[in-house]
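# Structure at a glance
Read off the chains here:
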Amino acid sequence: IRGLAAHAAIAIENARHYQNALISTERRTILHRVSQDMVRVNQSPEQIYQAIYEAARELMPCDAFVLSLRFENQKDDQAVYLVDQGKRYPSTSVTKESSIISLVEKSHSHIVHDIATAELGHVTTRFGSSIKVRSMLVSPLQVDGKVLGAISTQSYEANAYGEEERLLLEMLATHAVTAIENARLYQTA
C-alpha cells in the first residue's frame, strides 16, 4: 500500500507540474500574440492602451486596470486608461505624489498583497465602482532606464498576485512602452 501511495503522490505531483507548464505556456502565447498586435503601425494610442488592458486581463486577475503616463512638459501625471469592472472611465490628471508611477519610479515592479494593510503613502487615486481593490500589481513603463509611466492590474481579492504575475506584467510593460513610444513618434511625424 505504501508503494501505491508513493506512486499516486508522484503521479499527482507530475500532473500538477504539467498543468502549471500548460498555464505558463498559454500565458506566454497570449503575451506574444498581444505584443504582435500592439506593434502594428497606424494604431492610435487608445487602441494600444486597449490592447495592453486586454492582455493584462487575459494574463492575470484584472478587476481594475490603470495605465498612467508622465509627460515632461506637464505638472501632473496622466491616467490615460482606466477600467473598473470592464467599464472604461475617462482619462484624468493625477498629482505625481498620488500617481501609481510614484510606486515604481526607481524602476521596480511593486506588488501590494493587501491594500488594507499596506503603506502606500500618498497613492490614493480612486475611480470606478465603490468596491475596494484589495491587491495591486504595478510595473514601470521605461525606456533606457527612464520611467515614462506605469501599468497596474488590480483585484478585489487579497493576495491575487505573485512572482509569475509580476514577471508577466513586466514583460507586457516592455512591449507596451515600445508600442506607446512608436505611436507617439508616428503621430508627431
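What you see as residue numbers is a count from 1 along each chain, following the sequence as written. In view of the model being predicted, local features appear only for residues whose pLDDT reaches at least 70, and side-chain atom pairs are presented and counted only at 80 or more, with totals across whole chains, interfaces and linings using the full set of residues. Excluded from the side-chain calculation are hydrogens and water; included are all heavy atoms of the structure.

## Some details on the overall build of the protein
Put simply, the rule reads: Starting at the N terminus, helices and strands are each numbered in turn, a helix being any DSSP run of H or I of at least four residues and a strand any DSSP run of E of at least two. For every residue, the accessible area (1.4 Å probe, protein chains only) is compared with the maximum for its type, and the residue is labelled buried under 20%, exposed over 50%, or partly exposed between those bounds. Contacts are residue-level and defined by heavy atoms, with any inter-residue pair within 4.5 Å sufficient. Reported accessibility uses the Shrake-Rupley method at a 1.4 Å probe radius. Residues are deemed covered only where the shown protein chains occlude them.
A count of helical and extended segments in the protein gives three helices and seven strands. For the protein, the sequential pattern of α-helices and β-strands runs α-α-β-β-β-β-β-β-β-α. For the protein, the proportion of its 189 residues judged to be buried stands at 41%. Contacts in the protein between residues far apart in sequence, at least 24 positions, make up 61% of those at least 6 positions apart. Carbon and sulfur atoms form 54% of the exposed surface of the protein, whose accessible area is close to 10700 Å².

## Let's talk about the nonpolar core
For the record, the criterion: In these notes, a set of buried Ala, Val, Leu, Ile, Met, Phe, Trp, Tyr and Cys residues joined through side-chain atoms within 4.5 Å is what counts as a nonpolar core.
Counting residues in each nonpolar core, the largest one holds 30 residues, and the members touching the most others are Ile52, Phe65, Leu67, Tyr81, Leu141, Ile151 and Ile180. At the level of secondary structure, the elements contributing two or more residues to this core comprise helix H2 (45–59), strand S1 (64–69), strand S2 (77–84), strand S6 (135–143), strand S7 (146–155) and helix H3 (163–188). The greatest single-element share of this core, amounting to nine residues, is contributed by H3. Among residues more than four places away in sequence, those in contact with Tyr81 are Glu46, Tyr49, Gln50, Tyr53, Phe65, Val66, Leu67, Arg88 and Ser91. Listed in part, the 18 residues of the second largest apolar core include Tyr89, Ile100, Phe127 and Met136.

## A short note on the pattern of salt bridges
The cut-off we apply is this: The salt bridge definition used is simple: a Lys or Arg side-chain nitrogen within 4 Å of an Asp or Glu carboxyl oxygen.
Applying the stated rule across the entire model yields eight salt bridges. The partner of Arg57 in a salt bridge is Glu54, and the shortest N-O contact between them spans 3.0 Å. One end of the pair, Arg57, and the other, Glu54, are both in helix H2, three residues apart, so they sit about a helical turn from each other. By relative accessible area, Arg57 is classed as partly exposed at 44%. Assessed through its relative accessible area of 23%, Glu54 is described here as partly exposed. Glu163 serves as the salt-bridge partner of Arg166, at 2.3 Å between the closest nitrogen and oxygen. Separated by three residues within a single helix, Arg166 and Glu163 lie in helix H3, roughly one turn from each other. Look at the salt bridges and you will find they share partners, linking Arg70, Asp77 and Glu105 into a network.

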